[in-house]
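Chain by chain, the residues:
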Amino acid sequence: MPIKINFPTPSARPGETPDFSRYDFPEPGALPVPPLDITAEDTLEYANSLIRVLDDDGNAVGPWADYLGEEGNDDVLLEGLRDMLKMRAIDARMLNAQRQGKTTFYLQCTGEEAIGCAFQRQLNKGDMNFPTYRQQSLLVAGGYPLKDLFGQYYQNENDPLGGRQLPTLHSAKDYGFFTISGNLGTQYVQAVGWAMAAALTGTDNIAAAWIGDGATAASDYHSAMVTAAVYKPPVILNVVNNQWAISSFNGIAGGTAATFANRGVGYGIPSIRVDGNDFLAVLAATKWATERTRNSHGPVVIEWVTYRVAAHSTSDDASAYRPKDEADAWPLGDPVERLKQYLIQRGKWSEDRHKQGEAEIMDEVIAVQKESEALGTFINPQYLSPSAIFEGVYEEMPEHLKRQRQEMGA
Amino acid sequence: MPIKINFPTPSARPGETPDFSRYDFPEPGALPVPPLDITAEDTLEYANSLIRVLDDDGNAVGPWADYLGEEGNDDVLLEGLRDMLKMRAIDARMLNAQRQGKTTFYLQCTGEEAIGCAFQRQLNKGDMNFPTYRQQSLLVAGGYPLKDLFGQYYQNENDPLGGRQLPTLHSAKDYGFFTISGNLGTQYVQAVGWAMAAALTGTDNIAAAWIGDGATAASDYHSAMVTAAVYKPPVILNVVNNQWAISSFNGIAGGTAATFANRGVGYGIPSIRVDGNDFLAVLAATKWATERTRNSHGPVVIEWVTYRVAAHSTSDDASAYRPKDEADAWPLGDPVERLKQYLIQRGKWSEDRHKQGEAEIMDEVIAVQKESEALGTFINPQYLSPSAIFEGVYEEMPEHLKRQRQEMGA
Amino acid sequence: MAKMTMIEAVRSAMDIMLEKDPKVIIMGEDVGYFGGVFRCTAGLQEKYGIERVFDTPINESAIVGMGVGMATQGMRPCVEVQFADYMFPAYDQITQEAARIRHRSAGQFSCPMTIRMPTGGGIFGGQTHSQSPEALFTHVAGLKVVQPSSPVDAKGLLIASIEDPDPVIFLEPKRIYNGPFDGHHDAKSVGWATHPLGEVPEGYYKTELGKANVFREGEAVTILAYGTMVYVAEAAVKETGIDAEIIDLRTLLPLDLETIVESVKKTRKCVVIHEGTRTSGFGAELIAEVQEACFYHLETPIVRVTGWDAPYPHAQEWDYFPGPKRVGRALVETVEA
Amino acid sequence: MAKMTMIEAVRSAMDIMLEKDPKVIIMGEDVGYFGGVFRCTAGLQEKYGIERVFDTPINESAIVGMGVGMATQGMRPCVEVQFADYMFPAYDQITQEAARIRHRSAGQFSCPMTIRMPTGGGIFGGQTHSQSPEALFTHVAGLKVVQPSSPVDAKGLLIASIEDPDPVIFLEPKRIYNGPFDGHHDAKSVGWATHPLGEVPEGYYKTELGKANVFREGEAVTILAYGTMVYVAEAAVKETGIDAEIIDLRTLLPLDLETIVESVKKTRKCVVIHEGTRTSGFGAELIAEVQEACFYHLETPIVRVTGWDAPYPHAQEWDYFPGPKRVGRALVETVEA
Ligand SMILES: Cc1ncc(C[n+]2csc(CCOP(=O)(O)OP(=O)(O)O)c2C)c(N)n1
Ligand SMILES: Cc1ncc(C[n+]2csc(CCOP(=O)(O)OP(=O)(O)O)c2C)c(N)n1
Ligand SMILES: [Mg+2]
Ligand SMILES: [Mg+2]
């Protein structure tokens, strides 16, 4: 009898009703806080459940809320909200700017702001993120100058990378943000090596590796997992499970066979799964993970469950492969709305102040954007030295590159 | 405070006492036989335990013995014993032949004979193994002509591959034995593709992928695991955990962080762990695995726990990195001895018949070997056409290769 | 005959082969329901079903590795690597496995697989969406390497590739997917609809692998080019007024040396152009062969116009791209030398 | 001065650098307790501890990828790929990551890493222990590519590589690890102990990267070679009696074009030899550059003597290897042309 095989398909395609019934998330507050030196085996329940703090009414509940304590105080959360709003403002402005031809390419992180904005707060100076192209929120929350961000978007004289890279592939060493590769997966294992070096050279710095659900299929995900399991360096192995990889739902990456956190347990690495749209849960889980790694208990996998609200990039049209209203059906809601609700509930914020805050932040972003645009955009490109092509290929320019530079006439 | 990392080391080095106390194997017969459609999650106990049938007194015990039933009858097992003895005879002869300079290279599988010899019995015509260099027992048990085997060892006119490959990298399509690559890992994912094609073209054939404990670290192990989890093709993903990868113990491949079967569960693939030195356990587990895959229940991981008794290859000196007597300390014993004991216990075999059988088989092997040696060995090489270099690079030889062949003067 | 872009031509080739041969399957990242990020496989899953046209995990080694398994089982996979820049994780499977299976198994197994990948720059893709890695394939015995420069060639060559008994690397110059591009990025672009090479037979036909095309006859100098650079050469010829013979290689491996040598012996001069980085680029191989075969006919050194030896930059794309000005300068220097 | 094999020379270089710079670490498959399958790191773990010299999982991409992470953090990893044939899984990390980090980050990060790998055939290793993939590295901007031909060069070049601010591919010609090899496989082999180039200073010294060595002066023809092939060239010169100038490139990228051009302008003839497959091999690049720079000096076509365009065979190793007979024939033909 012929044997059957399997071709996973998402629960809904355009024209169909969004359906997330494959997810059975627990109530907020359900999971305890494990000891920092928990074994991989013992994290299995965390890997197949979901750490949540904010409930549907905007209350912070359960052991993780207690664990977070003062690190989740109102001031911190208000700052966090502002970071997310700033991120969202930039996303909106850059989508527009790309549509106007001012930049070649942009990638939004809408819906995923809580992850980077909360995570970054728990890092120390000298720690290093190895981000993907959708983690610009780490930069925004880390105080990276907007001027530099827009400089790269517009590839003008403010671009710290001198026009060499795509607008969204940043590098900001001083902000703990590693140079992003366009090749998926490669940086996951680099983070392991960096963390080993950080330990071997006697620092107390940790690394944070970032990968998308789709890119967990890439080979270097495995390179990272095996080496992290072997050497146990201080690295947080983040998987941002936002359901989609361009047009492929996460079942194409194995996500319907097991959770991505479960896979971590398989390697023998303690692994937890966290509501990525819950700012407090992100903050608390990151606190736990950074404490664990910084205290020599070895690596940890965190699967952040979230939803990619925007299209993959400005080159993509998501309505071609998923229901238009799928984002609205996402059971974990919107991170900005949820944090806002919490703060309002606490009497620290209001709908009005939110509107006002949004407007202020938007003004701030627009001001920097305008300044940057004056220096040149892709509609109105300003001369960026062509000879930058040859600079930095090596520390010292070899003869053949000098000859080529001359041939170019630059 | 500086962070500590981990460098795994084996429990004993040369001069030290062998120590396998890190293993806590269950009693034979302890585990039930799971349903063919068991979920990955439910195999967790199998992945962290060990399926065993033969006890220390040579009895076949427990549910897996019952499950095996007539497929493990005395005739089958006597044949199995002969296959293992033949394999061992070849190993012994070829080690010698290499030492005499008659071949460039040989790899023994001593101690691991039960795995290939029992596994092969459960395959159907048309099934395909994707073996490593240490699975020659699949060929021997599969009735591959010894003449062809020795032809390749000696690279004479009997070599089915015309001298192109190393002596141990066989290819035998008609015997369900895929062309072995020297590059570790690559074939694991090829087996997944082959199994998909077998299903898509409407056959009921299955594939068996093979990899060593060390090579599970290779990238294409992951390629295979992810695609097997996604498409659920009829493939058995074998991991031969023989404790060593050249000089590196399996902790360097992550084997002390979790079992290799546990890693399979992490991916969402049902996974079991089996005593690879127990011929009956191998036979029973393979029966289960082939039935499962052939009945469209999808892939399965089998970790075979065994011990590499010989050096890595004839180029290697194992006494430089592990205690000389480590093999004797291996808690799961020797597969030949254990099966012999069982058959003697059953009154189907005796020490004398064993000696006699060994001698007969050795004579048979030596006879073929001598015939092959007459056709040329590396001491006395016989002309193999140099132009074979150019044949088969493409189906049809392109002009530039014809020019090169001419330039060579062949 | 129909008007087709190169995307439609490539799709038509796959459509025809899916129809004709049940052993053909298509797989790659986003090629299924969505139809590929460049839309090359649009509609094919709907037409042939998910078992024939399907999405894969983001693992190029798995894509090629599964393809090797399928091809050795007897199927004819035609797989897509989303950008040539992402073939690197698959390089082991391509070069050490696919390319060698027939040889190392003495013909027991073979690997009739086509690996499609969009190549080249000119779309502001930065260093990871712009590379031209053809020389990394031409160094590998056992592979065939193809790069079409027009819809009509693309379809015929892709059908020939899928039917080929050996693994074929099929490089699609993405800059000219929708229309020829002469290297003047500031000029108005024109689509294939208005170009004669956008006229493509609707049915089955093959364009033989291993045969170059004399794209333009001329006497003054031979230009060796492929893909996008064929049109850059054409523009440079137009702008300099130099009567160059332009040879569109179409297949890089095996190379149609005969056509090349005949031309160079006639013109006695040769310019080689490609977009990939210069050092150890495919131009080097062309020069090595041409100088050896035509040494006593050559009147001037063979020069190369290529991408610079640096990662493909984003903002400085047009300083990097070997456009008609640079090609023209090389032509003038060569002809006047 | 001490007598050293190339293995001892390479080990001595690592020993000195481990001693000198605490940021240097060594990692790779079997390099730790065991000291490497070729014994290049023997004793180093014992001397410097497991934190400085350690085993890695069998994943070349992880080895290089971890190395990139360490190097960007500020360390100077010197990693081993067990055979050059096994670098393919790491090709993405090497070419798209290590080689580009400095450029794409505008100098924020850099990658001072050395990647050692035994290369070449002649040891009956079959197709997966014999390859010479140097041309796959020379095509990659951002890498340096080094191949020593003697113990004294090996040590000096390896120290220079480890101290280099950029990633260096360090190819060790394994056939001459223990002694020079002239390509006559049936002749008695001699060890480095009896060869002047086996005299190696015991302490620290550097041999500058990017500088070729005129291995033998001559007037009749220039031979460009590296690694094992330097001695094959020497044998061919001896056997033909042709007064060739042999240039040992030592560094392939960046290439010492000046030394090469000077020689070819003098001899007016050139033969290029390497063991790797011919098409798109590094010989092509050498020819492209030499013919361009020396066109009006050259009296004969530049010819290549190389490995054939096929996988490296096992039994027919010596039919494949470009030995002194083939090189000699090319010399005679070139000189008599
Ligand atoms: C090696 C490689 N293959 C393919 C691509 C093309 N690509 C870019 S993003 C992407 C999807 C990634 O999805 P995921 O990892 O889930 O991240 P997300 O975009 O959802 O944040 C693909 C296929 C690439 N950049 N690199
Ligand atoms: C890609 C690759 N890297 C390295 C090697 C060299 N090598 C050959 S066998 C081996 C050890 C493999 O160990 P394991 O997978 O445990 O198999 P075993 O030898 O124990 O059967 C190594 C490192 C190789 N063949 N391929
Ligand atoms: Mg995603
Ligand atoms: Mg092993």
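Coordinates for the structure precede this section.
Residues numbered from 1 in each chain as written. Chains lettered and ligands numbered in written order. Predicted model: local features only at pLDDT ≥ 70, side-chain atom pairs only at ≥ 80, totals over all residues. Heavy atoms only, no water.

Visitor: So what about the pattern of salt bridges? Which residues, and what values?
Guide: Enumeration according to the criterion identifies 73 salt bridges over all chains in this entry. Of the charged contacts, one joins B:Arg88 and B:Glu113 as a salt bridge, the two residues approaching to 2.8 Å between their closest N and O atoms. Of this pair, B:Arg88 sits in helix α3 (residues 74-99) while B:Glu113 sits in helix α4 (residues 113-121), placing them 25 residues apart in sequence. Among the ionic pairs, C:Arg76 bridges to C:Asp21, the shortest N-O distance being 3.9 Å. Taken together, the residues span a long stretch of sequence, with C:Arg76 in strand β4 (residues 76-80) and C:Asp21 in the loop between α1 (6-20) and β2 (24-28) at a distance of 55 residues. Since its relative accessible area comes to 17%, C:Asp21 is described here as buried. The structure contains a network of salt bridges with shared partners spanning A:Arg52, A:Asp275, A:Asp278 and A:Arg338. (Salt bridge = Lys/Arg side-chain N within 4 Å of Asp/Glu carboxyl O. Helix = DSSP H or I, 4+ residues; strand = E, 2+ residues; numbered from the N terminus. Buried < 20%, exposed > 50% of the residue type's maximum accessible area, 1.4 Å probe, protein only.)

Visitor: Quick one: what's the story with the relation of the copies chain A and chain B, residue by residue and with numbers?
Guide: Rotating chain A by 180° about the axis while translating it 0.0 Å along that axis superimposes it on chain B, leaving an RMSD of 0.0 Å. Such values leave the two copies arranged in the relation of a two-fold axis. Minimal C-alpha distance to the rotation axis in chain A is attained by A:Gly266, lying at 2.0 Å. The share of interface residues of chain A whose copies in chain B are also at the interface is 100%, consistent with both copies meeting through the same surface. (Least-squares fit on C-alpha atoms with pLDDT ≥ 70 in both. Contact = heavy atoms within 4.5 Å.)

Visitor: Explain the site of ligand 2 to me, and be specific about the residues and the numbers.
Guide: The environment of ligand 2 is made up of 19 residues, and the closest members are B:Tyr133, B:Arg134, B:Asp213, B:Trp244 and D:Glu60. Residues within reach of ligand 2 are spread across chains B and D. Between ligand 2 and B:Gly214 there is a distance of 2.9 Å, counted from an oxygen atom to a backbone nitrogen or oxygen. With respect to ligand 2, the side chain of B:His312 contributes an N or O atom lying 3.4 Å from an oxygen atom. With the chains in place, 95% of the 590 Å² that ligand 2 exposes on its own is no longer accessible. Within the shell around ligand 2, the residues separate by chemical class into 8 nonpolar, 7 polar and 4 charged. (Near = heavy atom within 4 Å. Polar contact = N/O pair within 3.5 Å; in protein donor to acceptor, adjacent residues only side chain to side chain. Areas by Shrake-Rupley, 256 points an atom, 1.4 Å probe, with all protein chains shown as cover. Nonpolar A, V, L, I, M, F, W, Y, C, P; charged D, E, K, R; others polar.)

Visitor: Now, about the site of ligand 1: what can you tell me, with residues and values included?
Guide: In the vicinity of ligand 1 lie 19 residues, with A:Tyr133, A:Arg134, A:Asp213, A:Trp244 and C:Glu60 positioned nearest. A distance of 2.7 Å is found between an oxygen atom of ligand 1 and a side-chain nitrogen or oxygen belonging to A:Arg134. Take A:Ala215: an N or O atom from its main chain is 2.9 Å from an oxygen atom of ligand 1. Calculation on ligand 1 without its partners gives an accessible area of 590 Å², and the protein chains cover 95% of this total. Each residue belonging to the shell around ligand 1 can be placed in one class, and the counts come to 8 nonpolar, 7 polar and 4 charged.

Visitor: Outline the interface of chain A and chain B, listing residues and values.
Guide: With 47 residues of chain A at the interface, the matching set in chain B holds 47 residues. For the chain A and chain B pair, buried surface summed over both sides reaches about 3,400 Å², with 64% attributable to carbon and sulfur atoms. Sorting the residues of chain A by area buried against chain B places A:Ile3, A:Ile5 and A:His222 first, and these three jointly supply 20% of that buried surface. Here chain A and chain B share 0 salt bridges between them. Linking chain A to chain B there are 21 residue pairs in polar contact (both at pLDDT 80 or more). Residue assignment for the side of chain A that touches chain B shows that the elements contributing at least two residues are α7 (186-200), α8 (219-231), α9 (260-267) and α10 (279-294) of chain A. For the side of chain A that touches chain B, the class distribution of residues is 26 nonpolar, 16 polar and 5 charged. (Buried area = accessible area lost by both parts, 1.4 Å probe.)

Visitor: Tell me about the sheet that holds strand β5 (residues 114-119) of chain D, residues and numbers included.
Guide: Residue and element names in this part refer to chain D. If you trace the 7 strands from one edge of the open sheet to the other, you get β3-β2-β4-β5-β7-β6-β12, paired in mixed fashion. In this open sheet, the two edge strands, each paired with only one partner strand, are β3 (53-55) and β12 (251-253). Put simply, the sheet's adjacent strands are angled 20° from each other on average, direction ignored. Direction of pairing for strand β6 (residues 144-146) relative to β12: antiparallel, over a ladder of 2 bridges. (Pairing = 2+ DSSP bridges. Axes fitted to C-alpha atoms, helices over the stretch in contact; angles between N-to-C directions.)

Visitor: Explain the packing of aromatic side chains to me, using residue names and the numbers behind them.
Guide: Enumeration according to the criterion identifies 82 aromatic pairs over all chains in this entry. With a centroid separation of 5.7 Å and an interplanar angle of 85°, the aromatic rings of B:Phe150 and B:Tyr153 are classed as edge-to-face. With B:Phe150 and B:Tyr153 both in helix α6 (residues 146-154) and 3 residues apart, the pair spans about one turn of that helix. Of the residues examined, B:Phe150 reaches a relative accessible area of 0% and is grouped as buried. Judged by its relative accessible area of 1%, B:Tyr153 falls in the buried class. An aromatic cluster is present here, built from A:Tyr188, A:Tyr221, A:Tyr267, B:Tyr188, B:Tyr221 and B:Tyr267 joined pairwise through their rings. The ring of A:Tyr67 has A:Lys287 lying over it, and the distance from NZ or CZ to the ring centre is 4.8 Å. Cation over ring: D:Arg39 sits above D:Phe34, and NZ or CZ is 4.6 Å from the ring centre. (Phe/Tyr/Trp six-rings, centres within 6.5 Å; stacked < 30°, edge-to-face > 60°. Lys NZ or Arg CZ within 6 Å of the ring centre and 35° of its normal.)

Visitor: So what's going on with the nonpolar core? Residues and values would help.
Guide: Proteins that are soluble and globular tend to have nonpolar side chains buried together. Judged by nonpolar contacts, the single largest core of 481 residues is most densely connected at A:Leu237 and B:Leu237. Aside from chain neighbours lying at most four places away, what touches B:Leu237 is B:Tyr188, B:Val192, B:Ala209, B:Ala224, B:Met225, B:Ala228, B:Ile269, B:Pro299, B:Val300, B:Val301 and B:Ile302. (Core = buried A, V, L, I, M, F, W, Y, C linked by side-chain atoms within 4.5 Å.)

Visitor: Lay out the environment of D:Cys40 in plain terms, naming residues and giving numbers.
Guide: Residues and elements named next belong to chain D. One can find cysteine 40 in the loop between β2 (24-28) and α2 (44-48). Judged by its relative accessible area of 2%, cysteine 40 is buried. Note: C-alpha distance between cysteine 40 and arginine 278 (238 residues apart in sequence) is 30 Å. The residues touching cysteine 40, leaving out its near neighbours within four places in the chain, are Ile7, Val10, Arg11, Met14, Gly35, Glu80, Arg116, Glu172 and Tyr177.

Visitor: Before we move on, can you summarise the sheet that holds strand β3 (residues 235-241) of chain A with the specific residues and values?
Guide: Residues and elements named next belong to chain A. Taken together, the 5 strands give an open sheet; going across it, the order is β1-β2-β3-β7-β6, and neighbouring strands pair in parallel fashion. The strands lining the two open edges of the sheet, one partner per strand, are β1 (128-130) and β6 (271-275). Strand-to-strand, the axes of this sheet are offset by a mean angle of 20°, without reference to chain direction. The pairing of strand β2 (residues 207-212) with β3 spans 6 bridges and is parallel. Residue pairing across strands places glycine 212 opposite valine 240, the latter belonging to β3.

Read these as geometric descriptors, not functional statements.
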